[in-house]
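Coordinates in review
In case you want the letters, here they are:
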Amino acid sequence: MILYVLRRLATSLVLVLLVSMITYLLLSTSFNDIVTTLLGGNASAASVQAKKAELGMDRPVIVQYFDWLSHAVRGEFGTSYGTSESVGTAVWNHFTVTLSLVVVALSISVVISVVLGVLAASRGGAVDRLSQGASLFGYLVPNLLIVIGLVYVFAVKLDWLPATGYTPLGESPGRWLASITIPVIGLAVGGIANLSAQIRGTMIGELRKDYVRTLRTRGISTRSIVLRHALRNAAGPALTVLSFEFIAMLGGALIIENVFALPGIGSYSFNSALQGDVPVIMGLSVFGVLFVVGINLVVDVVLGWLNPKARLQ
């Protein structure tokens with residue numbers, strides 16, 4: 001397992017280098033437009049060239065990239081063109097907002113999906129139909145439509161929740177919870193649909209296996225079989241889907257944040273792209289790749305712990 005982790009880390013390093021290099025090369029094709037955006041549309045050619053020299057954009061692109069890389073490996077991603085703040089600090093501050101949304105939404109998705117999936121597989125009947133109906137609803141109804149409906153009911157009509165804005169957790173836990181409730185529900189619906197269907201299907205397959213029949217003949221209670229044996233064996237495939245859902249929720253949060261004016265990584269990325277903020281875009285690219293690779297690595301390690309065969313493979 002240790003050798004596997006080391007190989008994955010080496011592969012991840014190569015991936016980060018490739019992504020950062022390709023991103024920088026693509027950005028370099030629009031350096032003139034970026035500088036013009038920073039100076040304003042009426043900037044003279046001389047002003048544009050002077051600004052490019054100030055930012056180091058007048059050097060060969062490969063020299064610029066390796067200069068950026070030499071600082072990035074030390075954790076120095078430069079300063080934002082728009083705000084003059086440290087890119088690393090800014091990315092982390094905005095990412096914590098996004099992460100709070102995703103973690104809460106994912107936690108709700110996991111709890112509801114496990115309950116629905118396990119009950120549907122073990123009891124069937126009306127509970128199974130309810131689980132399948134919930135999955136179908138999550139698949140068919142767009143999350144954005146659900147969010148708009150919730151805003152209309154709870155923010156416009158009832159005035160129970162804010163329609164937009166964000167309150168930090170440290171400032172007021174109650175207002176923080178109110179500000180993320182509707183966005184979290186919008187993110188959680190799709191996760192519940194996918195996870196509950198996966199857990200239900202995997203649990204049904206596990207409960208039909210020979211070892212379950214053997215355990216029943218030995219007098220083991222159904223509850224113990226379901227929770228201690230079948231659910232553990234079904235956790236592997238569900239965990240893989242969970243990792244995909246986590247990454248998908250991050251992508252969904254990028255849209256939700258712009259809709260609700262939340263100061264997360266989505267709105268920050270959108271504004272930085274519009275402004276052509278090269279240091280921020282590069283920092284976001286590297287951070288995004290590292291985060292996704294890290295999530296996949298953690299999932300692989302947990303799968304190896306759950307399934308000894310996976311460790312051997």
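As the structure is a prediction and not an experimental result, all values here were calculated from the model.

**Considering the overall build of the protein chain**
For the protein chain, the helix and strand inventory stands at 13 helices and zero strands. With respect to the principal axes defined by its C-alpha atoms, the protein chain has extents near 85 × 55 × 35 Å. Across the 313 residues of the protein chain, 40% fall into the buried class. Considering only intrachain contacts with a sequence separation of at least 6, the fraction spanning at least 24 residues in the protein chain is 73%.

**Points about the packing of helix H6 (residues 125-140) against helix H8 (residues 173-207)**
To characterise two packed helices, one gives the angle between the axes of the helices and the distance between these axes. Between H6 and H8, whose axes approach to 8 Å, the crossing angle comes to 140°. One finds that H6 runs oblique with respect to H8. Relative to H8, the crossing made by H6 is left-handed. Along the contact surface, H6 presents Asp-128, Ser-131, Gln-132, Ala-134, Ser-135, Gly-138 and Tyr-139, while H8 presents Val-189, Ala-193, Asn-194, Ser-196, Ala-197 and Arg-200.

**Remarks on the packing of aromatic side chains**
Geometry of an aromatic ring pair is reported as the spacing of the ring centres plus the angle between the planes. Under the criterion given, the structure shown has eleven aromatic pairs. Relative to Phe-66, the ring of Tyr-65 has its centre 5.3 Å away and its plane inclined at 70°; by these criteria the two rings are edge-to-face. Among the residues examined, Tyr-65 registers a relative accessible area of 2% and is labelled buried. Linked through ring pairs, Tyr-24, Phe-31, Tyr-65, Phe-66, Trp-68 and Phe-77 together constitute an aromatic cluster.

**Section: a nonpolar patch on the surface**
Together, Met-21, Leu-25, Ile-62, Val-63 and Phe-66 line one region of the surface with nonpolar side chains, adding up to about 420 Å² of accessible area. Going through the elements one at a time, helix H1 (2-28) and helix H4 (61-72) are the ones with two or more residues in the nonpolar patch. Of the residues forming the nonpolar patch, the biggest block, three residues, is contributed by H4. Structurally, Leu-25 is set in helix H1. With relative accessibility at 44%, the residue Leu-25 sits in the partly exposed group.

**Section: the side chain of Ser-131**
For Ser-131, the location among the structural elements is in helix H6. Ser-131 gets classed as buried once you look at its relative accessible area, which sits at 1%. In this structure, Ser-131 is in contact with Leu-116, Ala-120, Ser-196 and Arg-200, ignoring residues within four places of it in sequence.

**Structural notes on the packing of helix H5 (residues 87-123) against H8**
With their axes 5 Å apart at the nearest point, H5 and H8 run at an angle of 35° to one another. Crossing handedness for the pair H5 and H8: right-handed. Its residues assigned to classes, the contact of H5 with H8 comprises 23 nonpolar, seven polar and one charged.

**Things to note about the confidence of the model for the protein chain**
A low pLDDT means the predicted coordinates there should not be read in detail. When pLDDT is averaged along the protein chain, the result is 84; 96% of the residues meet or exceed 70. Across the protein chain, H4 holds the top mean pLDDT of 91, while helix H13 (residues 308-312) sits lowest at 50.

Reading the values: the criteria
- Residues numbered from 1 in each chain as written.
- Predicted model: local features only at pLDDT ≥ 70, side-chain atom pairs only at ≥ 80, totals over all residues.
- Heavy atoms only, no water.
- Helix = DSSP H or I, 4+ residues; strand = E, 2+ residues; numbered from the N terminus.
- Buried < 20%, exposed > 50% of the residue type's maximum accessible area, 1.4 Å probe, protein only.
- Contact = heavy atoms within 4.5 Å.
- Axes fitted to C-alpha atoms, helices over the stretch in contact; angles between N-to-C directions.
- Parallel < 35°, antiparallel > 145°, perpendicular 65-115°, else oblique.
- Left-handed = near helix turned anticlockwise from the far one by under 90°.
- Phe/Tyr/Trp six-rings, centres within 6.5 Å; stacked < 30°, edge-to-face > 60°.
- Patch = residues over 30% accessible without salt bridge, like charges linked within 9 Å, V, L, I, M, F, W, Y side chains within 5 Å.
- Areas by Shrake-Rupley, 256 points an atom, 1.4 Å probe, with all protein chains shown as cover.
- Salt bridge = Lys/Arg side-chain N within 4 Å of Asp/Glu carboxyl O.
- Nonpolar A, V, L, I, M, F, W, Y, C, P; charged D, E, K, R; others polar.
- pLDDT = per-residue confidence, 0-100.

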